[in-house]
Amino acid sequence: SGVFNIAQGQLLLVGAFICFTFSVELGLPFWLALVLTLVASLIMGLVVERLFLRPMIGKSLLAMIIMTLGLASLLRGATLSIWGARTRAYPSYLPTEPLRAGDVVISYEYIFGFLVAIFLIIALIMFFRTKLGLAMRVVSEDQEAAQSMGIRVGMIFGVAWGISAMTAALGGVVMGTIGAVEPSLGEVGLLAFPVIVLGGLESIPGAIIGGLSIGLIEIFAAKFVPLAGFKFVVPYIVLIVVLIIRPHGLFGLKRIERV
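Because the structure is predicted, anything quoted here is derived from the model rather than measured.

Rules of the game
- Residues numbered from 1 in each chain as written.
- Predicted model: local features only at pLDDT ≥ 70, side-chain atom pairs only at ≥ 80, totals over all residues.
- Heavy atoms only, no water.
- Helix = DSSP H or I, 4+ residues; strand = E, 2+ residues; numbered from the N terminus.
- Rg over C-alpha atoms; globule rule 2.2 N^0.38 Å.
- Buried < 20%, exposed > 50% of the residue type's maximum accessible area, 1.4 Å probe, protein only.
- Expected span 1.5 Å × (residues − 1).
- Axes fitted to C-alpha atoms, helices over the stretch in contact; angles between N-to-C directions.
- Parallel < 35°, antiparallel > 145°, perpendicular 65-115°, else oblique.
- Left-handed = near helix turned anticlockwise from the far one by under 90°.
- Contact = heavy atoms within 4.5 Å.
- Nonpolar A, V, L, I, M, F, W, Y, C, P; charged D, E, K, R; others polar.
- Core = buried A, V, L, I, M, F, W, Y, C linked by side-chain atoms within 4.5 Å.
- Phe/Tyr/Trp six-rings, centres within 6.5 Å; stacked < 30°, edge-to-face > 60°.
- Patch = residues over 30% accessible without salt bridge, like charges linked within 9 Å, V, L, I, M, F, W, Y side chains within 5 Å.
- Areas by Shrake-Rupley, 256 points an atom, 1.4 Å probe, with all protein chains shown as cover.
- Salt bridge = Lys/Arg side-chain N within 4 Å of Asp/Glu carboxyl O.
- Arc of directions from axis to C-beta.

Undergrad: What is the right way to look at the overall build of the chain in this model?
TA: A tally of helices and strands in the chain yields 10 helices and two strands. Listing the helices and strands of the chain from first to last along the sequence gives α-α-α-β-β-α-α-α-α-α-α-α. Taking 18 Å as the expected radius of gyration for a compact globule of 259 residues, we find that the chain reaches 19 Å, a close match to that expectation. Split into buried and exposed, the 259 residues of the chain put 37% on the buried side.

If you want it as structure tokens, here you go:
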């Protein structure tokens, strides 16, 4: 849809709380709660696209970005109204004893998160090779050309936002499993901005490399820079530098317009 979604982190937050409600408050098995969370997130993504994005078609890019900013505030306010500001924790669904390989100790929560990330990457790559995925790629390149080919652009927008909400919900469950479910969890979505700008907006491999790079930069900053909280700032320093030097990112497409 060409929209830079500032509300992505809040979609992650809502997904984490929905899964907590299904699995803890309603007592459903975790895997069933996860499936129901994905279904609920898909519906939420479709509703958001229909109510908020669809009326903005044809508006300026700035107007759409401001709309997602308002959507982020709306989702955060709704989350606080429904679940409150109290920190919650998922029950331990994974082995509590960490995996040990020599001197390396890894908790199963991080292994779970890694496997979910690999699954999502493979699933998205395979999806973009399907007929629906190819139609989505056509729409992202040229909406008018896609319409002339008989592609339902509105339907593609809905699918894109549905997938976006589902992947955000999975991210929320992973983050909630590693740490806790709390309103500040949505702020992790802000880290997506330096990641995708560094990797390139159109590139899945770029997102992978950008995510790993930003993570390593944070770790090195925390270890070697003796300034409190500097590791939280350094990703956005990288963001500014990349926008100045290479605004299309490492693997993004450098677009040339002839006038």
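Undergrad: I tried to follow helix H1 (residues 8-25) on my own but got confused; where do I start?
TA: The α-helix winds at 3.6 residues per turn, so residues separated by three or four positions along the chain end up facing the same way. Its 18 residues place the ends of H1 25 Å apart at the C-alpha level, agreeing with the 26 Å of an ideal helix rising 1.5 Å per residue. Counting buried residues in H1 gives 15 out of 18 residues, a clear majority hidden from the surface. Count one or two residues on from H1 and you reach Gly27, which has phi positive near 75 degrees.

Undergrad: What am I meant to see in the packing of H1 against helix H2 (residues 30-53) here?
TA: Each pair of packed helices can be described by the angle between their axes along with the distance between the axes. The N-to-C vectors of H1 and H2 enclose an angle of 140 degrees; their axes lie 8 Å apart at closest approach. Classified by the interaxial angle, the pair formed by H1 and H2 is oblique. Seen from above, H1 lies across H2 with right-handed handedness. The residues of H2 that touch H1, namely those facing Leu11, Val14, Gly15, Ile18, Cys19, Phe22 and Ser23, are Phe30, Ala33, Leu34, Leu36, Thr37, Ala40, Ser41 and Met44. Of the residues contributing to the contact of H1 with H2, the split by class is 11 nonpolar, four polar and no charged.

Undergrad: Is there a simple way to explain the nonpolar core in this structure?
TA: Counting 47 residues, the largest nonpolar core has Leu53, Tyr90 and Val139 as its most contacted members. Elements with a contribution of two residues or more to this core: H1, H2, helix H3 (61-83), helix H4 (108-127), helix H5 (131-141) and helix H7 (153-178). In this structure Val139 touches Ala146, Ile151, Val153, Ile156 and Phe157, once residues within four positions along its chain are discounted.

Undergrad: How should the packing of aromatic side chains be read in this particular structure?
TA: Each aromatic ring pair is described using two quantities: the centre-to-centre distance and the angle formed by the ring planes. Under the definition given, this model contains seven aromatic pairs. Judged by centre distance (5.2 Å) and plane angle (75 degrees), the rings of Phe30 and Trp31 are edge-to-face. By relative accessible area, which is 8% here, Phe30 ends up buried. Assessed through its relative accessible area of 54%, Trp31 is described here as exposed. Ring centres 6.2 Å apart and planes at 35 degrees place the aromatic pair Phe220 and Phe224 in the tilted group. With a gap of four residues between them, Phe220 and Phe224 both fall in helix H9 (residues 204-224), about one helical turn apart. The class for Phe224 is exposed, based on a relative accessible area of 58%. Connected via pairs of aromatic rings, a cluster forms that spans Phe20, Phe30, Trp31, Tyr90 and Phe112.

Undergrad: Please explain the packing of H1 against H7 as it appears in this structure.
TA: The N-to-C vectors of H1 and H7 enclose an angle of 60 degrees; their axes lie 7 Å apart at closest approach. On the basis of the axis angle, H1 is oblique to H7. In this structure, the crossing between H1 and H7 has a hand that is right-handed. Two secondary-structure elements touch here, H1 through Gln8, Leu11, Leu12, Gly15, Ala16 and Cys19 and H7 through Ser164, Ala165, Thr167, Ala168, Ala169, Gly171, Gly172 and Val173. Of the residues in the contact of H1 with H7, the class split is eight nonpolar, six polar and no charged.

Undergrad: It is not clear to me how the side chain of Glu218 should be interpreted in this structure. Could you clarify?
TA: Here Glu218 lies in helix H9. Non-local contacts of Glu218, meaning those with residues more than four positions away in its chain, are made with Leu191, Lys231, Val234 and Pro235.

Undergrad: What is the right way to read a nonpolar patch on the surface from this model?
TA: A grouping of Phe232, Val233, Ile237, Ile240, Val241, Ile244 and Ile245 is seen on the molecular surface, where their side chains present a nonpolar patch of about 710 Å² in accessible area. In this structure, Ile237 sits in helix H10 (residues 230-245).

Undergrad: Sorry if this is basic, but what is going on with H10 here?
TA: Look at H10: 22 Å from first C-alpha to last across 16 residues, which is about the 22 Å you get at 1.5 Å a residue. For H10, every residue scored as buried is listed here: Val234, Pro235, Val238, Leu239 and Val242. Axial view of H10: buried residues confined to an arc of 145 degrees, hence all on one face. Seen from the buried face of H10, the exposed residues on the opposite side, beyond 90 degrees, are Phe232, Ile240 and Ile244. The elements touched by buried residues of H10 are helix H8 (192-199) and H9.

Undergrad: Would you mind going over the environment of Thr68 with me for this structure?
TA: Positionally, Thr68 belongs in helix H3. On a C-alpha basis, the gap between Thr68 and Met56 in space is 11 Å, while along the polypeptide they are 12 residues apart.

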